[in-house]
Amino acid sequence: MAKLGERSRSSTTKKDIKGKALVDHLAKNPVDRDNKPFTTYFPDEEVLFTGEDIAESYPGWRMFFDGAANFKGAGIGAFLISKSRKHYLASTKIRFPCTNNMAKYEECILGIRMAVDINVKELLVIGDSDLLMHQVQGKWSTKYVKILPYLHYVKELCNKFTKIEFKHVPRIQNEFVDALATLSSMI
């Protein structure tokens, strides 16, 4: 029987398992100072694309983004996949108080700026934030003062691409970036 405050083996959560898998993978495949892409791939790449096969339906660059908040703080992550299926990761911890929607915009901006920095011209942005996707596409408006600067900045970044599309996916299709963000929130 576990003592108070301890976790028993049977109470391991899905996030714990995903986080451990991600930590193990990152430990085996460090990125050098030049931020070169991973040269190895996950043995089961289909985990990134459960349900609809986004890999097959879009041949260009793709970007996934997500975030996580817990008692240690908020972490955000973005994951770019090139046309040649090379993977580029970025994650960071948010060090200021923000709402969940502000964090979603921070996540999206992190990935889009990464794509701009490596001179990507066509990009499919994939995320599980229905609100952000609809606001950026102009389908929904916002009057929330704290979100407006984020929305304007994302639209400004979009002008740096010849083609950029936004696609909403269910949370289950965004698991890898969710695990990355969870890990960065705990650092």
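Residues numbered from 1 in each chain as written. Predicted model: local features only at pLDDT ≥ 70, side-chain atom pairs only at ≥ 80, totals over all residues. Heavy atoms only, no water.

Draft legend 1. Fine view of the overall build of the chain. The secondary structure content of the chain amounts to 6 helices and 5 strands. Helices and strands in the chain line up, N terminus first, as α-α-β-β-β-α-β-α-α-β-α. Element-wise, carbon and sulfur atoms account for 55% of the exposed surface of the chain, whose accessible area totals about 11,000 Å². (Helix = DSSP H or I, 4+ residues; strand = E, 2+ residues; numbered from the N terminus. Areas by Shrake-Rupley, 256 points an atom, 1.4 Å probe, with all protein chains shown as cover.)

Draft legend 2. Looking closely at the pattern of salt bridges. Under the criterion given, the structure shown has 4 salt bridges. Put simply, lysine 104 and aspartate 128 hold a salt bridge, and the shortest N to O gap is 3.0 Å. Here lysine 104 is found in helix 3 (residues 100–117), whereas its partner aspartate 128 is found in the loop between strand 4 (122–127) and helix 4 (130–136), with 24 residues between them in sequence. Each member of the pair, lysine 104 together with aspartate 128, is buried. With a closest N to O distance of 3.3 Å, lysine 163 and glutamate 165 form a salt bridge. (Salt bridge = Lys/Arg side-chain N within 4 Å of Asp/Glu carboxyl O. Buried < 20%, exposed > 50% of the residue type's maximum accessible area, 1.4 Å probe, protein only.)

Draft legend 3. Inspection of the packing of helix 3 against helix 5 (residues 148–158) at higher detail. Viewed as axis vectors pointing N to C, helix 3 and helix 5 meet at an angle of 20°, and their least axial separation amounts to 10 Å. What the angle tells us is that helix 3 and helix 5 run roughly parallel. The element helix 3 and its partner helix 5 pack so that their crossing is left-handed. Between helix 3 and helix 5, the residues in contact are Met102, Tyr105, Glu106, Ile109, Ile112 and Arg113 and Tyr150, Leu151, Tyr153, Val154 and Leu157, respectively. Taken together, the residues of the contact of helix 3 with helix 5 sort by class into 9 nonpolar, no polar and 2 charged. (Axes fitted to C-alpha atoms, helices over the stretch in contact; angles between N-to-C directions. Parallel < 35°, antiparallel > 145°, perpendicular 65-115°, else oblique. Left-handed = near helix turned anticlockwise from the far one by under 90°. Contact = heavy atoms within 4.5 Å. Nonpolar A, V, L, I, M, F, W, Y, C, P; charged D, E, K, R; others polar.)

Draft legend 4. A look at the state of the cysteines. Scanning the model with the defined rule gives 0 disulfides in all. You can see cysteine 108 has no disulfide; the closest cysteine sulfur is in cysteine 158, sitting 7.2 Å from it. (Disulfide = S-S within 2.5 Å.)

Draft legend 5. Up close: the side chain of glutamate 107. Here glutamate 107 shows up in helix 3. Beyond its immediate chain neighbours, meaning those up to four positions away, glutamate 107 contacts Phe65, Asp66, Gly67, Ile76, Gly77 and Ala78.

Draft legend 6. Fine view of the nonpolar core. In terms of nonpolar packing, the biggest core is built from 28 residues, with Ile112, Leu123, Val125 and Phe166 touching the most fellow members. For this core, the secondary-structure elements that each account for two or more residues are strand 1 (61–70), strand 2 (73–81), strand 3 (87–94), helix 3, strand 4, helix 4 and helix 5. Ranked by the residues each element gives to this core, the list is headed by helix 3, at 7 residues. Beyond its immediate chain neighbours, meaning those up to four positions away, phenylalanine 166 contacts Cys108, Ile112, Val125, Met133, Val136, Gln137, Val154 and Cys158. One finds Tyr58, Phe64, Leu124 and Val169 within the second-largest nonpolar core, a separate group that totals 7 residues. (Core = buried A, V, L, I, M, F, W, Y, C linked by side-chain atoms within 4.5 Å.)

Draft legend 7. Just the environment of leucine 132, in detail. Within the element layout of this structure, leucine 132 appears in helix 4. Spatially, the C-alpha atoms of leucine 132 and phenylalanine 166 are 9.4 Å apart, while their sequence positions differ by 34 residues. Setting aside its immediate chain neighbours within four residues, leucine 132 contacts Phe65, Lys104, Tyr105 and Cys108.

Draft legend 8. Quick peek at helix 3. Here helix 3 spans 26 Å end to end across 18 residues, near enough to the 26 Å set by a 1.5 Å rise per residue. For helix 3, the complete set of buried residues consists of Met102, Ala103, Lys104, Tyr105, Glu107, Cys108, Ile109, Gly111, Ile112, Met114 and Ala115. Just downstream of helix 3, asparagine 119 is the residue with a positive phi angle, here 65°. (Expected span 1.5 Å × (residues − 1).)

Draft legend 9. Spotlight on the confidence of the model for the chain. On average, residues of the chain score 75 in pLDDT, and 57% of them are at 70 or above. Low pLDDT, under 50, characterises residues 40–53; the stretch is placed with 29 contacts to residues that sit more than four places away or in other chains. (pLDDT = per-residue confidence, 0-100.)

Draft legend 10. Representation of unusual backbone geometry in the model. We note that arginine 85 has phi near 70°; this positive angle belongs to a residue other than glycine. Residue position: arginine 85 is located in the loop between strand 2 and strand 3. You can call arginine 85 partly exposed: its relative accessible area is 31%. Non-glycine residue asparagine 119 carries a positive phi angle of around 65°.

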